[in-house]
Amino acid sequence: MTEHHPPPPSPAGRLRALLPDLSPWHSSPDFRRMWIAGLVTVFGSFLTFVAVPLQLKELTGSTLAVGAVGAVELVPLIVFGLYGGALADALDRRKLILWTEAGLGVLSGMLLLNTLLPHPMVWPLYVVAALVSALTGLQRPALQAIVPRIVPHEQLPAATALNSMRWQVGAIAGPSLAGVVITFAGLPWAYFLDALSFALSLVLALGLAPSPASHDAEKPSLRGILDGARYAWSRKELLGTYAVDMAAMFFAYPTAIFPFLADDLDARWALGLMYSAGAVGSLVVSLTSGWVSRIHRHGRLVVLAAVGWGAAMAVAGWLPNVWLVLLFLAVAGGCDTVSGLFRSAIWDQTIPDELRGRLAGIELLSYSVGPQLGQVRAGGMAALTSVRTSVWSGGLACVASVGLLAMSLPKLMSYDQRTDPHAVRMRQRKAAEAVSEAA
């Protein structure tokens, strides 16, 4: 009997298979609202991200004063990130998102008022930076935890890719927009437009469906936070995703020394390109992310992409040509996005809804504290050795540490979303909920 094979895909079919999967956008009106609101907010936030250090530089002339912004942001992010996770499990996630979004808009208004004073003050910039960090810590777990409620289970990897693409567009275009606004209109307009962006995103978020806590949800407490931490510790594949991300960022996140690297390469003109190169690589991955939904061994991709991130950073530290350095920084950014997509897929497809907020708080720490500590490591190593040594040695240390973690956590490497009991249980639960709603 003649065996029949399906015809090979056409070039147009292969191209469509690479394009981003837009199914979450088509199937979920709430996802569309959140995506558009987030895009508006990210552009506004980059205006303030550029404006605050510039204003501190103008007011103080001190590099130490500018660097201190990161220090005042770190502790509120840790404390309120964990508490925000507990709140996301105990309260209506929609209301939590709305109230924190309104609060962030008010804080941008406070920066505007301070800037309009005849003699703007320095201390409000630090106070607002700390409060923004605290509200961000409260909001992000709810933003992440609400996605599995509004997107079908099988579309979660595609939703993660679309959200990642939204951030990357902002990371590339946002600083450029900020530079134009501040240069030609002034700092007050930057803060005004940021406040306006929060107002617009708040209006969009008002259309979200309620997302109440489960009927047996616990009140926010230290015990509840510890329960979430114990659950994460019991799931070695989850633990592996946190550990791999922390190791990759701690050893191979040298953005703090990019100005010195640009000087070392005799290419000060390329400093802005260095900061945006990673986002360009990330955007390329997101724009060709149609393949993501066809991958099932998520843990392996987390590890391999983290190794690629470290290796690309190591090569960037060795190379003497600025264009090749930019190329490998872009490769590193693409690898980081691949790792992030599959970390999120494991989180979204296996964590029970009643724990999702608290686990999102832990995840927030894993992908925010690592870069903060990584900048300290990069700067300290550069001071002890050299800028180039700091970059390439950090990349090699990332490769080695991720390899050791992969060997120590076999459950991460063997994770398969088709057979993992937690993923299977979540699929069954979502299917039962769909049947119940239809009935």
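Please refer to the structure placed before this passage.
Quantities reported herein were computed from a predicted structural model and do not represent experimental measurements. (Residues numbered from 1 in each chain as written. Predicted model: local features only at pLDDT ≥ 70, side-chain atom pairs only at ≥ 80, totals over all residues. Heavy atoms only, no water.)

**Q** Please explain a nonpolar patch on the surface as it appears in this structure.
**A** Taken together, the side chains of Leu 117, Met 121, Trp 123, Val 127 and Leu 131 present a nonpolar region at the surface, about 440 Å² in accessible area. Structurally, the position occupied by Leu 117 is in the loop between helix H5 (93–116) and helix H6 (123–150). Residue class for Leu 117 comes out partly exposed when judged on its relative accessible area of 35%. (Patch = residues over 30% accessible without salt bridge, like charges linked within 9 Å, V, L, I, M, F, W, Y side chains within 5 Å. Areas by Shrake-Rupley, 256 points an atom, 1.4 Å probe, with all protein chains shown as cover. Salt bridge = Lys/Arg side-chain N within 4 Å of Asp/Glu carboxyl O. Helix = DSSP H or I, 4+ residues; strand = E, 2+ residues; numbered from the N terminus. Buried < 20%, exposed > 50% of the residue type's maximum accessible area, 1.4 Å probe, protein only.)

**Q** What am I meant to see in the packing of aromatic side chains here?
**A** Throughout the structure, instances matching the rule amount to 9 aromatic pairs. Summarising the aromatic geometry, the rings of Trp 189 and Phe 192 are spaced 5.5 Å apart at their centres and angled 85° between planes, so their arrangement reads as edge-to-face. Highlighted residues: Trp 189 and Phe 192, both in helix H8 (residues 187–205), separated by 3 residues, approximately one helical turn. The exposure class of Trp 189 is partly exposed, given its relative accessible area of 46%. An angle of 75° between the planes, with centres 4.9 Å apart, marks the rings of Phe 250 and Phe 251 as edge-to-face. (Phe/Tyr/Trp six-rings, centres within 6.5 Å; stacked < 30°, edge-to-face > 60°.)

**Q** Can you help me understand the pattern of salt bridges in this one?
**A** Close approach of charged atoms allows side chains of opposite charge to pair. Under the definition given, this model contains 9 salt bridges. The partner of Asp 245 in a salt bridge is Arg 343, and the shortest N-O contact between them spans 3.5 Å. Remark: Arg 343 occurs in helix H14 (residues 322–350) and Asp 245 occurs in helix H10 (residues 236–251); sequence separation between them is 98 residues. Comparing Asp 245 with Arg 343, the two get one shared label, buried. One salt bridge connects Asp 263 with Arg 268, and the closest N-O pair in it is separated by 2.8 Å. The exposure class of Asp 263 is partly exposed, given its relative accessible area of 37%. Residue classification places Arg 268 among the exposed residues on the basis of a relative accessible area of 65%. Shared partners join several salt bridges into a network, and the residues in it are Asp 89, Arg 93 and Arg 358.

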